[in-house]
Amino acid sequence: MAAAAGPARSPRVFLNHLDSYCGRSIGEYLSRCVVGASLESIGEEEEEEDENNSAAEVSSRPKDGVYQVVGTLSKPESTKPCFAEETYAVSSRKELLSHLLECEIVLYNITEDANQIEEATWAASALHMEIEHFATPKLFILISTIMSWAKSKPPDPEDPEIPFTDEDYRRRKPHPNFMDHINAEKLILKLGKTNKHKFSTYVVASGHQYGAGEGVLHYFFKIAWLSETPAIPVFGNGNNFIPTIHVLDLAAVLQNIADHRPRFHYILAVDVSMHTLQELVKCISKNVGPGKIEKIPKENAFLSKELTQMHLDMLLVNLRMESIFLKETFNIKWVAQAGLVENIEQIIKEYKQSRGLLPLNVYIHGPPGVGKSTIAEELCKHYKLHHIKINDVISETIVNLEKIVTPKELDSDSVGEQGEDDEEEEGKNAEAAHELLARIKESVEQNAGHPDDQYVVKFVKDKLKSMPCRNQGYVLDGFPETYDQAKDLFNLESEDEEEEIKGKIPKCDKLITPEFVISLTASDEFLINRIINLPERIVAGTHYTQDRFLQSLNLFRELNTDDRTVLNYFDELEIHPQFIDVAKFEDPENRFIVKDIIKEIGEPRNYGLTDEEKENLERKTAEERFVKEAQEKAEQERKEVEERAERMANWEEWNKHLEEVKRQDQELLEAQSIPLRNYLMKNVMPTLMQGINECCRIRPDDPVDFLAEYLFKNSPDIK
């Protein structure tokens, strides 16, 4: 199509696999970039311009001042990303080439899917053959990986701490599994030397990408977030250095190449950090997971279903790299120049937002026997939350304190590595734990087996601030019970009491405060009848015995008739409870109540089913289907046997009946035939026999006519 007269359209950028981790981040970034923006200096002149006319400039920028991003999808069923102008479901190379020729900039990412290498080299070669027909100059950028340097010899064998730089690219040696990557890099650079003005090519060797949902490091983020293991694994000794770059900083490098068109055509895209695998995993574990790491043999890494061979190769690489070119030439507004460890809080925020991993905090309030624990368990199963029961929290805390106080032998292969500072800190923790444990035991003795409220609130607060609850969320089962307990538990410790006196909304700790408050209601009569009808095995050993239950119920009613109840506290925070009358549902298993609560809360905010859970669910479904089919088959066979037996019995009965009918018919026939036989023998047979004998003697031409005439002449009646 010929371009219409008028302002030139924005450069069109092609990028493969727009729905992949890297493709999505780069595509979205470029779709917001104003063409040529990175050419502006970061000096004082720019600051002055920003002060004078930045607002006017921004408001007057035309819509076509940004890059138009188009490309392919890794999965045909994926929806078109909102930032993409177009997506192509390419059926032939000819069709793909026609789309590439419409673009001024072509980006091919081969860091995530090695199967794209062949398409990338074909695309560059096909465009190279069409140079003479280019209407405008074209730029081809191959986004490769530092794995094409994995086996390079150190720049200075005597000093292994000296890093590789961009200038060392001719000496690079690839990892054996990344030979295709380096071959693609060499071909792309070669194709760009023919006619640099019309077709220029660049290779960007990207460090391992992180941020905005995570790439190769997602494995560690996920197992840390799920908090299902006491320590996060580190493969091998963990002392290997891993070059990294934030995925948006990689996108900024590509933006700078498009704007600057630098003379140097091989560019290292790494941040300034030089962190080992152990440092990266330890940082992730501390800020997302259990806080501990565990070194495991490299061979054990292959047992993980979530890590591919490519991932393992990338995690075990050992390279020190520094990109001098990025510092000296490009104008990059870094997102995480210092690396993942130094920007971990921001990285975690991006990770959770990108993957929709938001904690869900629920508080369930209600009288004893109303079904709080049953409903809490069902909600925890559905949303994968942590069930916070006050007695369990107290027991768990005391056990943990006793473990800290009890001296333990250090194992040489123990989790993590301990230094002098760690040992000193552990000593202080042991002293503090010993004092706290003594005070708790004293409080328990003085309060008839229950610790004082101040300790209970502290235990619960610590539990709610634990990493698992901060990650997934919790369901608080019946605690706090009073206004003061709720205030002590959820209010910020630094809250100014004067503000509360003035009637302002109290400042709560949003990190641990419930988002949903469910209040289950029921009459005393309903609750008493429910408890009476419970089986003895359930009542035994609980507070559901008649005397204890009535005491608990009366106490609950007293605590919830004052003006300052626990529900009033949440009302003050504008967290209004959802009231559910349990008696209305007439549902002993609380299924309808749980369904009603789920409808109010909404969809889960965490990872879906794991592969193992999916397999178990599929296996369970298959087993149920198999059992059902077997039962149906057995029932069908039983019915067929019964029907066959019934048919056989009916057949025998029918045969007997038929034989009897035949016999009776035969007897009747014989009885009826005697008079007729006698009549014939007396009146017909003598004359007929004479006629037949006469006919035989004469042998007339027409025997029937002869016999008829004979009978007529010799009939006794005619005489």
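Look a little higher up for the structure.
Summary of the structure given here.

Cut-offs used in this document
Residues numbered from 1 in each chain as written. Predicted model: local features only at pLDDT ≥ 70, side-chain atom pairs only at ≥ 80, totals over all residues. Heavy atoms only, no water. Buried < 20%, exposed > 50% of the residue type's maximum accessible area, 1.4 Å probe, protein only. Helix = DSSP H or I, 4+ residues; strand = E, 2+ residues; numbered from the N terminus. Arc of directions from axis to C-beta. Salt bridge = Lys/Arg side-chain N within 4 Å of Asp/Glu carboxyl O. Axes fitted to C-alpha atoms, helices over the stretch in contact; angles between N-to-C directions. Parallel < 35°, antiparallel > 145°, perpendicular 65-115°, else oblique. Left-handed = near helix turned anticlockwise from the far one by under 90°. Contact = heavy atoms within 4.5 Å. Nonpolar A, V, L, I, M, F, W, Y, C, P; charged D, E, K, R; others polar.

A word on helix α20 (residues 524-532)
Each α-helix winds once per 3.6 residues, and so residues spaced three or four apart point in a common direction.
Part 1: All of the buried residues along α20 are Leu527, Arg530 and Ile531. Looking straight down α20, one finds that the buried residues subtend no more than 95° of arc, so they occupy a single side. For α20, the exposed residues lying more than 90 degrees away from the buried face are Glu525 and Ile532.

A short note on the pattern of salt bridges
Part 1: For the structure on display, the rule yields 21 salt bridges.
Part 2: We note a salt bridge from Lys222 to Glu306, for which the minimum N-O separation is 3.7 Å. A residue pair is termed long-range when its members are at least 10 positions apart, and Lys222 in helix α6 (residues 218-226) and Glu306 in the loop between α9 (298-301) and α10 (309-315) qualify at 84 residues.
Part 3: Given a relative accessible area of 12%, Lys222 falls into the buried group.
Part 4: By relative accessible area, Glu306 is classed as partly exposed at 38%.
Part 5: With a closest N to O distance of 3.9 Å, Lys381 and Glu378 form a salt bridge. One end of the pair, Lys381, and the other, Glu378, are both in helix α13 (residues 372-383), 3 residues apart, so they sit about a helical turn from each other.

What to know about the packing of helix α27 (residues 685-698) against helix α28 (residues 703-714)
Part 1: Two numbers describe how α27 lies on α28: the axes approach to 9 Å, and their chain directions differ by 135°. If you check the angle between α27 and α28, you find them oblique. Two packed elements cross with a definite hand, and for α27 against α28 that hand is right-handed. Taken together, the residues of α28 that come into contact with α27 (itself represented by Thr687, Leu688, Gln690, Gly691, Ile692, Glu694, Cys695 and Ile698) are Pro703, Phe706, Leu707, Tyr710, Leu711 and Asn714.
Part 2: Its residues assigned to classes, the contact of α27 with α28 comprises 9 nonpolar, 4 polar and 1 charged.

Nothing here speaks to function; it is all geometry.
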